[in-house]
Amino acid sequence: QVQFVESGGGLVQPGESLRLSCTASGFTFSDYVINWYRQAPGKERELVARIIKTGQLIDIADSVKGRFTFFRDNRASTMYLQMSNLKPDDTAVYYCNADPSLGWPWGQGTQVTVAS
């Protein structure tokens, strides 16, 4: 069955960096656009970035432009999110998934907390 496992989150201070990982299984990873999402406390889940099969970024939230970079390793079925210059507003649970229209299950996410 389809599964996404996110990892790499933690507590950091403003301005610091983190790298998140998302490992998928249960489908041919290289055949799908994979997206990063985040959900802050009390807010709806939002799209952070959309990365197509070749690893090209095709959509990114304005709030993270210039600070977040993304890459995918299709051989390892893994997506990476490199976050730099983190801000308190980046505090959220981060998830990866394919397009929501597929109805695939969400992973547990990984918590990122940015606080001084």
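Residues numbered from 1 in each chain as written. Predicted model: local features only at pLDDT ≥ 70, side-chain atom pairs only at ≥ 80, totals over all residues. Heavy atoms only, no water.

Q: Is there a simple way to think about unusual backbone geometry in this case?
A: Only a minority of non-glycine residues have a phi that is not negative, and only a minority of peptide bonds are not trans. The phi dihedral of Ser77 is positive, around 50 degrees, even though this residue is not glycine. Within the secondary structure layout, Ser77 lies in the loop between strand E7 (68-73) and strand E8 (78-83). Since its relative accessible area comes to 18%, Ser77 is described here as buried. Even without glycine at this site, Asn85 takes up a positive phi of about 50 degrees. Position of Asn85 among the secondary structure elements: in the loop between E8 and strand E9 (92-97). (Helix = DSSP H or I, 4+ residues; strand = E, 2+ residues; numbered from the N terminus. Buried < 20%, exposed > 50% of the residue type's maximum accessible area, 1.4 Å probe, protein only.)

Q: Could you clarify how one ought to interpret the pattern of salt bridges in this entry?
A: It is possible for side chains bearing opposite charge to pair when their charged atoms get close. On inspection of all chains with the given rule, the structure shows six salt bridges. In this structure, the salt-bridge partner of Arg75 is Asp73, at a minimum N-O distance of 3.9 Å. Salt bridges sharing partners connect three or more residues here, namely Arg38, Glu46, Arg67 and Asp90. (Salt bridge = Lys/Arg side-chain N within 4 Å of Asp/Glu carboxyl O.)

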